[in-house]
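These are the residues of each chain, in order.
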Amino acid sequence: AQKVTQAQTEISVVEKEDVTLDCVYETRDTTYYLFWYKQPPSGELVFLIRRNSFDEQNEISGRYSWNFQKSTSSFNFTITASQVVDSAVYFCALSEGMDSSYKLIFGSGTRLLVRP
Amino acid sequence: DTEVTQTPKHLVMGMTNKKSLKCEQHMGHRAMYWYKQKAKKPPELMFVYSYEKLSINESVPSRFSPECPNSSLLNLHLHALQPEDSALYLCASSQERVRPNGYTFGSGTRLTVV
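Keep in mind the model is a prediction, meaning the values are calculated, not measured.

Reading the values: the criteria
- Residues numbered from 1 in each chain as written.
- Chains lettered and ligands numbered in written order.
- Predicted model: local features only at pLDDT ≥ 70, side-chain atom pairs only at ≥ 80, totals over all residues.
- Heavy atoms only, no water.
- Helix = DSSP H or I, 4+ residues; strand = E, 2+ residues; numbered from the N terminus.
- Polar contact = N/O pair within 3.5 Å; in protein donor to acceptor, adjacent residues only side chain to side chain.
- Contact = heavy atoms within 4.5 Å.
- Disulfide = S-S within 2.5 Å.
- Buried < 20%, exposed > 50% of the residue type's maximum accessible area, 1.4 Å probe, protein only.
- Salt bridge = Lys/Arg side-chain N within 4 Å of Asp/Glu carboxyl O.
- Nonpolar A, V, L, I, M, F, W, Y, C, P; charged D, E, K, R; others polar.
- Pairing = 2+ DSSP bridges.
- Axes fitted to C-alpha atoms, helices over the stretch in contact; angles between N-to-C directions.

Colleague: Please clarify how the side chain of Gln37 of chain B should be interpreted in this entry.
Modeller: Its location among the elements puts Gln37 of chain B in strand E4 (residues 31-37). Separated by 2.7 Å, the side chains of Gln37 of chain B and Gln39 of chain A make a polar contact. With sequence-adjacent residues up to four places away left out, Gln37 of chain B is seen in contact with Gln39 and Phe91 of chain A together with Pro42, Pro43, Ala87, Leu88 and Leu90 of chain B.

This is the structure in C-alpha cells:
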C-alpha cells in the first residue's frame, strides 16, 4: 500500500537557521510522483515542487532544496537561512499511475515554527 | 487565470440546514477534487471528477453530495451534517495525464456545523 511518513510533527528553529524536513514513502509502483506543499495559517495548500520517480536529480530553488533518494525512499526538504514567513505546515505527498485523474496521498505534515 | 476559487470562505450551518460549497477554475483542468481536512490532520480525499464524471468516491456519507455542472465548476451539497463534519473543505484541480504542478488548490471553506 502507498504510504507517506513525516516523522517530525513539529520543528522550532530560530530565524536564519537551516532546517530539514524528512519524508519517507512507500509504493509498489515504478512510476510515481512526489510533491511538497506548504500550508500557511490561511489554509491554502501551496505547491512547492514535484519530482517524478525517474528523476533523482536534486533541486534547488532559492533557499529551498530537495534531496530525492530512491534507495532509501526519501524525499527530504531543506530550507536554508529560514525566515519567519516560512512558518507553516509542510506536507509531503505521493501520487501514482498515469490516469487522467489521480489521488494524492499526504503525509501527516510537519509544523515548522521559525522564531525571530 | 491560475487560481481555484472557493466560496464561501466560512460557513456556519445547523444540522438541519442544506447548504452548498462552490469551486471554480478556468485553467482548462479536466480533473477536480474535494478534500476534507480536520484540524492538525492532512487532507483526505472525498471525491474526484474526471471530465465531469464522478470517478472516485472515497466512501463518503450520502449527506455530502458532489456535483460537476460543467468543466469549470464543482459543487458540494451538504445536508443533515453532524458536528464532526466541521472541517476545512478544499477543492483542487489538475491537468489530465501530465502533472507538472500537481494539484492547484483553492483556499478552502471553513465549515462549522452547530
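Colleague: What is the right way to read the state of the cysteines from this model?
Modeller: Here a disulfide denotes one covalent bond, and it connects the sulfur atoms of two cysteines. Taken as a whole and assessed by the stated rule, the structure comprises two disulfides over all chains. Across a sulfur-sulfur distance of 2.0 Å, Cys23 of chain A and Cys92 of chain A are joined as a disulfide pair. Across the S-S bond linking Cys23 of chain A and Cys92 of chain A, the dihedral sits near -65°, which makes this disulfide left-handed. Taken together, the residues Cys23 of chain A in the loop between strand E3 (19-21) and strand E4 (24-26) and Cys92 of chain A in strand E10 (residues 88-96) connect sequence positions 69 residues apart. On the basis of relative accessibility, which here comes to 0%, the residue Cys23 of chain A falls in the buried class. Here Cys92 of chain A falls in the buried class, since its relative accessible area comes to 0%. Here Cys23 of chain B connects covalently by a disulfide to Cys91 of chain B, the sulfurs 1.8 Å from one another.

Colleague: Can you walk me through the interface of chain B and chain A in this structure?
Modeller: By convention, interface size is frequently given as the accessible area that disappears when the constituent parts associate. On the side of chain A, 26 residues touch chain B, which itself brings 29 residues to the contact. Our enumeration of links across chain B and chain A arrives at one salt bridge. As a salt-bridge pair, Glu58 of chain B and Lys103 of chain A come within 2.9 Å of each other at their nearest N and O atoms. At the boundary of chain B and chain A, one finds six residue pairs in polar contact (both at pLDDT 80 or more). Of all the secondary-structure elements, those providing two or more residues to the side of chain B that touches chain A are E4, strand E5 (44-50) and strand E9 (87-94) of chain B. It is E4 of chain B that contributes the most residues to the side of chain B that touches chain A, four residues altogether. Looking at side-chain class alone, the side of chain B that touches chain A contains 13 nonpolar, nine polar and seven charged residues.

Colleague: Help me out: how do you make sense of the pattern of salt bridges in this one?
Modeller: Proximity of charged atoms lets side chains of opposite charge pair with each other. Residues and elements named next belong to chain B. Evaluation of the coordinates by the stated rule reveals seven salt bridges over all chains. In this structure, Arg30 engages Glu52 in a salt bridge whose closest nitrogen and oxygen atoms are separated by 3.1 Å. Of this pair, Arg30 sits in the loop between strand E3 (18-25) and E4 while Glu52 sits in the loop between E5 and strand E6 (53-57), placing them 22 residues apart in sequence. A salt bridge links Lys36 to Asp85; the nearest nitrogen and oxygen atoms lie 3.8 Å apart.

Colleague: Would you explain the environment of Gln6 of chain A in this entry?
Modeller: Residue and element names in this part refer to chain A. Relative to the helices and strands, Gln6 is located in the loop between strand E1 (3-5) and strand E2 (10-14). Taking the relative accessible area as the measure of exposure, Gln6 reaches 3% and is therefore buried. Sequence-wise, Gln6 and Cys23 are 17 residues apart; in three dimensions their C-alpha atoms are separated by 5.0 Å. Among residues more than four places away in sequence, those in contact with Gln6 are Asp22, Trp36, Tyr90, Phe91, Cys92, Gly107, Ser108, Gly109 and Thr110. A polar side-chain atom of Gln6 sits 3.0 Å from the main-chain amide nitrogen of Cys92.

Colleague: Honestly, the sheet that holds E3 of chain B in this entry has me stumped. Any pointers?
Modeller: All names here are of chain B. Taken together, four strands build an open sheet; the order of strands is E1-E3-E8-E7 and the sheet is antiparallel. In this open sheet, the two strands that pair with only one neighbour each are strand E1 (4-7) and strand E7 (64-70). Across the sheet, the mean angle separating the axes of adjacent strands is 20° when strand polarity is ignored. Bridge count for E3 against strand E8 (residues 73-79) is seven bridges, and the pairing is antiparallel. Bridge pairing in E8 links Lys18 to His79.

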